[in-house]
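An overview of the molecular structure
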Amino acid sequence: MNMNIKMPDFDVKKFVKDAGSTLSRVVQLTEEKLGTSEKTEMDAHFEHLTERSDCTRTWTEKIVRDTEAALIPNPANRVEDYIFEKIEKQKSKRLSNLEYLGLDMIEGGGEFGQDGPYGSALIKVGQAEQKLGSNERDFIGSAGMCFIQPLKKFLEGEMKTITKEKGILESKRLDLDACKNRVRKARSMLGQQTAERDLRVAQSEFDRQAEITKLLLEGISTTQATHLRHLHAFVESQVRYYGQCNKIMNDLQRELASLGGPQPYVPVAGYEEDDELAGRLNSVDLSGNSGYKRARVLCSYDAKDGTELNLTSNEVIFVCECNPPNSDYMNGKQGLLKGLVPKAFLELLDD
C-alpha cells in the first residue's frame, strides 16, 4: 500500500539563523558576566519606568493574593466560583461555615423545643447566622467582580505584554552589543563592511523595540487611576456588607431581649477602647433603665458561680442596688447578661 505522507515544511536557513542568533546572545551574555564585553545601558528615564513597572506588578500580585486569602481563607474554594454564582444568580451547592452553624442551631433548637427559652433563642440565632452567611457570599462575589477580577485581568493582560516586550528588547540589546563587538574585532575591509551593515540593522531594531517597550511602560501610570476606582468600589462593598451585618445583629439582640423576660435591651458597645466605650455610655438614655447607674470596673473579677458576672478591668457596666439591699454586692448588667457584682470592684460614675 502506497501512502503519501506530507512532511511539514522545515526552513533550514531560518533554523540555522535562529540557532546562530541564540548562540551569539549566549556568548555576549557570558562575556558581559565575565566583564570582557561592554553592555548597552538604557537611559535613566527608561530605567525608572522599568523599576516602577516591576514594583506595580509585585505589589498588585501581593494585594490580589492577600485579598483572596482574606475573603476566602479556605484554599479549596475559589473567588471565581462566588463571582459565577453572583452573575448567574444560582444557589450555591455548598454552605459556608456560618450557614452550617446556623443550620445546626436551628435543628438543635427544634430538638430542644422551640417553645422553650433556649430552643427559641437557638432558632433565632441560627436564622441570623444564615443571613450573615448569605451576606458574606454576596460580599465575596461583589468584591471579586469589582476589585480582584480587574487586577487579575491587568496582571494577565498588560503586565504579561510588558514582560514579553521587555524580553524581546533584551534579545535585541544582546544582538546589538554582539554586532558592536564584531565591528571592533573585524580584521579585513570586507569583514568590517559586513559587520557595520549588521550593526546598523541591529541598532534600528533595538531602537524600535525600545520605543515600543517605553510606550507600554509609560501606560502604567494610567492603570493606577483605574485601580483607584476599583479600590473605591471594593471599600463601598465592604461598607455595605458590614452595615448589613450590623443591622442583622442589632435586630437579633432586640429579638433575644424580647425573649429574655423583664430585662431591657441595651446596645453592646462592641470592640471600642475604654474611653470610647465610656463616651458612648454617657450618651445612653437611662430613662428606660430606672434605678440603674453606670460604674467602672476597678480590676478584673472572676465569677464564683452562675449568679455573678465576670468583670474586666476598666469595663463600664450598669448597676443598681439589690432588693433587699446587700452591703457587699449590687445587681449588674452587661448587655443582655445580669448578675451580682461586688461593690469593692466598682467605681460609680453617676451621682
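All values reported here derive from a predicted model rather than from experimental measurement.

The next thing to look at is the overall build of the protein chain. When its secondary structure is counted, the protein chain shows 8 helices and 5 strands. Ordered by position from the N terminus, the helices and strands of the protein chain form the series α-α-α-α-α-α-α-α-β-β-β-β-β. By residue count, 33% of the 351 residues in the protein chain fall in the buried class. Contacts in the protein chain between residues far apart in sequence, at least 24 positions, make up 65% of those at least 6 positions apart. Accessible area for the protein chain stands at about 22900 Å²; split by element, carbon and sulfur atoms hold 54% of it.

Taken as a whole and assessed by the stated rule, the structure comprises 11 salt bridges. A cluster of three or more residues bridged by salt bridges with shared partners is formed by Asp54, Arg57 and Lys166.

When pLDDT is averaged across the protein chain, the result is 79; 74% of the residues are at 70 or more. Between the elements of the protein chain, mean pLDDT differs from a low of 45, seen in helix H8 (residues 274-282), to a high of 92, seen in helix H2 (residues 44-71). Predicted confidence is poor over residues 261-274, with pLDDT under 50, and the contacts of this stretch with residues over four places away or in other chains come to 23 contacts. Note that residues 276-288 has pLDDT below 50 and, in this model, 17 contacts with residues that lie over four places away or in other chains.

Counting residues in hydrophobic clusters, the biggest one holds 32 residues, and the most contacted among them are Leu71, Phe139, Phe147, Met159 and Phe234. Looking at this core, the elements that each hand over two or more residues are H2, helix H5 (117-185), helix H6 (189-218) and helix H7 (220-259). The contact partners of Leu71, leaving out residues within four places of it in the chain, are Phe139, Ile140, Ala143 and Ile148. Listed in part, the 11 residues of the second largest apolar core include Leu311, Ile317, Val319 and Leu346.

Mapped onto the secondary structure, Ser237 falls in helix H7. Owing to a relative accessible area of 3%, Ser237 belongs among the buried residues under this scheme. Engagement of the side chain of Ser237 in a polar contact is seen with the backbone oxygen of Phe234, the distance being 2.6 Å. Excluding residues that lie within four positions of it along the chain, Ser237 makes contacts with Phe139, Ser142, Ala143 and Cys146.

A few words on the packing of H5 against H7. The N-to-C vectors of H5 and H7 enclose an angle of 175°; their axes lie 9 Å apart at closest approach. Here H5 lies roughly antiparallel to H7, going by the angle between them. When the residues that make up the contact of H5 with H7 are grouped by side-chain class, the tally is 24 nonpolar, 9 polar and 5 charged.

Turning our eyes to something else, we now look at unusual backbone geometry. The phi torsion of most residues other than glycine is negative, and most of the peptide bonds are trans. Asn323 connects to Pro324 through a cis peptide bond whose omega is 5°. For Asn314, which is not glycine, the phi dihedral falls at a positive 70°.

Here strand S3 (residues 329-334) pairs with strand S4 (residues 337-342) via 6 bridges, running antiparallel. Looking at the pairing, Tyr329 lines up with Pro342 of S4. Adjacent in sequence and paired antiparallel, S3 and S4 are bridged by 2 residues, among which Gly335 carries a positive phi angle near 60°.

This part takes up the packing of aromatic side chains. With the rule as written, the count across this model stands at 5 aromatic pairs. An angle of 35° between the planes, with centres 5.4 Å apart, marks the rings of Phe112 and Tyr118 as tilted. The pair Phe112 / Tyr118 is uniform in exposure class, with both members exposed. With centroids separated by 4.9 Å and ring planes inclined at 55°, the aromatic side chains of Tyr301 and Phe345 adopt a geometry described as tilted. Highlighted residues: Tyr301 in the loop between strand S1 (293-297) and strand S2 (316-320) and Phe345 in the loop between S4 and strand S5 (346-348), separated in sequence by 44 residues. Among the residues examined, Tyr301 registers a relative accessible area of 9% and is labelled buried. Taken together, the ring pairs in this structure connect Phe139, Tyr241 and Tyr242 into an aromatic cluster. The ring of Trp59 has Lys62 lying over it, and the distance from NZ or CZ to the ring centre is 4.4 Å. The aromatic ring of Tyr292 is capped on one face by Lys333, whose charged end is 3.9 Å from the ring centroid.

Turning to H5, a few remarks are in order. Here H5 contains 69 residues, and its C-alpha end-to-end distance of 96 Å stays within 8% of the 102 Å for a straight helix at 1.5 Å per residue. A maximum bend of about 45° is found in H5 at Gly144.

Looking now at the environment of Lys333. Position of Lys333 among the secondary structure elements: in strand S3. Here the alpha-carbon distance between Lys333 and Val319, two residues 14 residues apart in the chain, equals 6.2 Å.

Turning our attention to the pairing of S1. By the criterion of burial, S1 is predominantly enclosed, with 4 of the 5 residues buried. Two strands pair when backbone bridges link them, and S1 and S2 are joined in this way by 4 bridges, in the antiparallel orientation. The residue bridging Arg294 from the neighbouring strand is Phe318, located in S2. Relative to S5, S1 runs antiparallel, the two being bridged by 3 bridges. Across the sheet, the residue bridging to Val297 is Leu346, located in S5.

Reading the values: rules and limits
- Residues numbered from 1 in each chain as written.
- Predicted model: local features only at pLDDT ≥ 70, side-chain atom pairs only at ≥ 80, totals over all residues.
- Heavy atoms only, no water.
- Helix = DSSP H or I, 4+ residues; strand = E, 2+ residues; numbered from the N terminus.
- Buried < 20%, exposed > 50% of the residue type's maximum accessible area, 1.4 Å probe, protein only.
- Contact = heavy atoms within 4.5 Å.
- Areas by Shrake-Rupley, 256 points an atom, 1.4 Å probe, with all protein chains shown as cover.
- Salt bridge = Lys/Arg side-chain N within 4 Å of Asp/Glu carboxyl O.
- pLDDT = per-residue confidence, 0-100.
- Core = buried A, V, L, I, M, F, W, Y, C linked by side-chain atoms within 4.5 Å.
- Polar contact = N/O pair within 3.5 Å; in protein donor to acceptor, adjacent residues only side chain to side chain.
- Axes fitted to C-alpha atoms, helices over the stretch in contact; angles between N-to-C directions.
- Parallel < 35°, antiparallel > 145°, perpendicular 65-115°, else oblique.
- Nonpolar A, V, L, I, M, F, W, Y, C, P; charged D, E, K, R; others polar.
- Pairing = 2+ DSSP bridges.
- Phe/Tyr/Trp six-rings, centres within 6.5 Å; stacked < 30°, edge-to-face > 60°.
- Lys NZ or Arg CZ within 6 Å of the ring centre and 35° of its normal.
- Expected span 1.5 Å × (residues − 1).
- Bend = angle between axes of the 7 residues up to and from the residue.

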